[in-house]
Amino acid sequence: MTTHMIEISTAEGVAKAVLVKPADAIASKAGVILYMDIFGLRSTLTTMAERLANEGYTVLVPDLFYRFENKQDFDPKTAFSDPVAGPKLKAMKLETTQAMTASDSAAFIAALDEAGATGPVGVVGYCMGGAYALTTAARYAERVAAAASFHGGNLATYAPDSPHFGAQSIKARVYVGAAGVDGSFPPAQAGRLAEAMAEAEVDFMLENYKDMKHGWTICDHGVYDRDGSERHWTRLLTFLGETLKSA
């Protein structure tokens, strides 16, 4: 495979992104956009993208915080306890709206096209990225065939831009892996999301990962759980394989 950093022109600037192409990129036209968690673009996410690329996908990991200058490297284990880093992260997340990332995703899909991944697109998001993945599936329904969220927060709130409000536009298969312990996606939200997906007749699955905490899938998080993460990989790779490789 090949891994390199690229720059993507969006309506509001230039976003850096990691692009990973499989060894046999010509054979597979399927692409995957991996939407980052709050701690930003870093080597851990590149490693995750490479694992996806090993399955034959061209994978793009964009920097969703590209609008902010002078970003530091954040340590997921300590960032929120840091009096400077914690508030900065929360502010960047709040200022990176669903509408912004939905608009940016047109450029992200175009970057996959340019890389040769002109077929069906899968989107997968972690933590805050889970909401962006579902929003992208609604906005680009003709292109996105699979959307997955793992420990995604705020998927079905009362905010006007809550992802569940876009369910009627989704044509993709949707998988949501919920942390068993997650204040950002409590049972009330899970029920609201499931109801919206059912009413929209979306091919939808919600799975609760009992005892897992928000962030359990990513190895540099303090709550990382190896067995739980490997279970997530099994689910994700099966889901993408069933959906993208048959589309």
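One can find the structure itself at the top, above this paragraph.
S.K.: For the packing of aromatic side chains, give the residues involved together with the corresponding values.
M.R.: Here the structure, examined in full by the defined rule, presents 6 aromatic pairs. Measuring from ring centre to ring centre gives 5.8 Å for Y126 and F150, while their planes differ by 20°; the resulting arrangement is stacked. Pair noted here: Y126 is in strand β5 (residues 121–126) and F150 is in strand β6 (residues 144–150), with a separation of 24 residues, a long-range link. The residues Y126 and F150 share a single accessibility class, namely buried. For the ring pair Y175 and F239, a centre distance of 6.1 Å and an interplane angle of 45° mean the geometry is tilted. Of the two residues, Y175 sits in strand β7 (residues 173–181) while F239 sits in helix α6 (residues 226–244), which places them 64 residues apart along the sequence. Each member of the pair Y175 and F239 is classed as buried. Put simply, the rings of Y126, F150, Y175 and F239 touch in pairs and so form one group of aromatic residues. A cation over an aromatic ring shows up here: R231 above the ring of Y209, its NZ or CZ 4.1 Å from the ring centre.

Each value, and the rule that gives it
Residues numbered from 1 in each chain as written. Predicted model: local features only at pLDDT ≥ 70, side-chain atom pairs only at ≥ 80, totals over all residues. Heavy atoms only, no water. Phe/Tyr/Trp six-rings, centres within 6.5 Å; stacked < 30°, edge-to-face > 60°. Helix = DSSP H or I, 4+ residues; strand = E, 2+ residues; numbered from the N terminus. Buried < 20%, exposed > 50% of the residue type's maximum accessible area, 1.4 Å probe, protein only. Lys NZ or Arg CZ within 6 Å of the ring centre and 35° of its normal.

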